[in-house]
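So the chains spell out like this:
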Amino acid sequence: MYFTAAASVLIAVGAVIMFVGFCGCCGAIRESQCMLATFFVFLFLFFILLLAIGIWLFAGKDTLKDVYRQALQKQMNLWKDNGYDVNTEFAKYVKLQQNEFNCCGTRSTPPWGYEGNSPDECTVKQMATGNCQDAVFKRIDSNLVVVGGVAIGLGVIMLLGMIFSMMLCCAIRDVEHV
């Protein structure tokens, strides 16, 4: 369910980016002020959106952790109500998470907060590593610098695109008035 939603969002974002790129390229080739202005406006909106998301994520990091914990606890309760069926999507997620992050349980020992209900019993190594919530947050924290660097790089590229599109737009206007 989440994969199809993510795929749909990526397709929509790709279509918008393709349209914006078309406006920029076609506006530069055809020397169209309207298309270059459209390119500028879209880049400006993307830049503001990127900045807003960055600030929101930075300021609301603890809130995101709480939302993740609440969603995980809700799924745990549903899993408990289903008798800890290991064939559910959540059980598959738990197994994947434990293997990927080499962790055991959501927040406590015994694994997952309940006695004997993890999809696969945790290995000794996984139990020694700690719970999965902390492991997920450690991975996110360790990659924040990379994500921040990529975001800053995208922001610089967007700013350069805005500057050059406005310079070209002004140059076209000056040539038309001569």
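Residues numbered from 1 in each chain as written. Predicted model: local features only at pLDDT ≥ 70, side-chain atom pairs only at ≥ 80, totals over all residues. Heavy atoms only, no water.

Student: Is there a simple way to explain the overall build of the chain in this structure?
Tutor: Counting its regular elements, the chain contains six helices and zero strands. Its helices and strands in sequence order give the chain the pattern α-α-α-α-α-α, from N to C terminus. The long-range share in the chain, meaning contacts at least 24 apart out of those at least 6 apart in sequence, stands at 63%. Surface exposure of the chain reaches about 12100 Å², of which carbon and sulfur atoms provide 71%. (Helix = DSSP H or I, 4+ residues; strand = E, 2+ residues; numbered from the N terminus. Contact = heavy atoms within 4.5 Å. Areas by Shrake-Rupley, 256 points an atom, 1.4 Å probe, with all protein chains shown as cover.)

Student: When you look at the side chain of S165 in this model, what are you seeing that I'm missing?
Tutor: Secondary-structure assignment places S165 in helix α6 (residues 132–177). Overall, S165 belongs to the buried group, its relative accessible area being 4%. Residue contacts for S165: discarding those within four places in its chain leaves L36, F39 and F40. (Buried < 20%, exposed > 50% of the residue type's maximum accessible area, 1.4 Å probe, protein only.)

Student: I keep staring at helix α2 (residues 33–59) and nothing clicks. Help me out?
Tutor: Side chains three or four residues apart in an α-helix point the same way, a direct result of the helix having 3.6 residues per turn. The terminal C-alpha atoms of α2, which comprises 27 residues, lie 38 Å apart, in line with the 39 Å expected from a rise of 1.5 Å per residue. When α2 is considered as a whole, its buried residues turn out to be L36, F39, L43 and F47. (Expected span 1.5 Å × (residues − 1).)

Student: What exactly am I supposed to notice about the packing of aromatic side chains here?
Tutor: The description of two aromatic rings rests on the distance between their centres and on the angle between their planes. Scanning the entire structure with this criterion turns up four aromatic pairs. With 5.7 Å between their ring centres and 80° between their planes, F19 and F42 make a pair best called edge-to-face. In this pair, F19 sits in helix α1 (residues 2–30) while F42 sits in helix α2, placing the two residues 23 residues apart along the sequence. Residue class for F19 comes out partly exposed when judged on its relative accessible area of 41%. Note on F42: relative accessible area 24%, which makes it partly exposed. Arranged with centres 5.5 Å apart and planes meeting at 75°, the rings of Y68 and F137 form a pair that is edge-to-face. Placement of the pair is Y68 in helix α3 (residues 61–81) and F137 in helix α6, with a sequence separation of 69 residues. Note on F137: relative accessible area 9%, which makes it buried. (Phe/Tyr/Trp six-rings, centres within 6.5 Å; stacked < 30°, edge-to-face > 60°.)

Student: Please explain the environment of M166 as it appears in this structure.
Tutor: Along the polypeptide, M166 turns up in helix α6. For the pair formed by M166 and F40, sequence separation is 126 residues and the distance between their alpha carbons is 7.1 Å. Filtering out sequence-adjacent residues up to four positions away, M166 remains in contact with A37 and F40.

Student: Help me out: how do you make sense of the packing of α3 against α6 in this one?
Tutor: Between two packed helices, both the angle of their axes relative to each other and the distance between the axes serve to describe the pair. Between α3 and α6, whose axes approach to 11 Å, the crossing angle comes to 150°. It follows that α3 is roughly antiparallel to α6 by the angle criterion. Crossing angle aside, the handedness with which α3 passes α6 is right-handed. Side by side, α3 and α6 meet where K61, K65, Y68, R69 and L72 of the first sit next to Q133, D134, V136, F137, D141 and L144 of the second. Taken together, the residues of the contact of α3 with α6 break down into five nonpolar, one polar and five charged. (Axes fitted to C-alpha atoms, helices over the stretch in contact; angles between N-to-C directions. Parallel < 35°, antiparallel > 145°, perpendicular 65-115°, else oblique. Left-handed = near helix turned anticlockwise from the far one by under 90°. Nonpolar A, V, L, I, M, F, W, Y, C, P; charged D, E, K, R; others polar.)

Student: Where do I start with unusual backbone geometry in this structure?
Tutor: Residues other than glycine predominantly adopt negative phi, and peptide bonds predominantly adopt the trans conformation. A positive phi angle is found at E31, which is not glycine, with a value near 55°. Among the secondary structure elements, E31 is positioned in the loop between α1 and α2. Positive phi is not limited to glycine here, since N102 has a value of about 50°. Tracing the backbone through its elements, the reader meets N102 in the loop between α4 (89–101) and α5 (124–129).

Student: Help me understand the environment of I152 in this model?
Tutor: Position of I152 among the secondary structure elements: in helix α6. For I152, a relative accessible area of 60% corresponds to the exposed category. Between the C-alpha atom of I152 and that of L50, which follows or precedes it by 102 residues, the distance is 9.4 Å.

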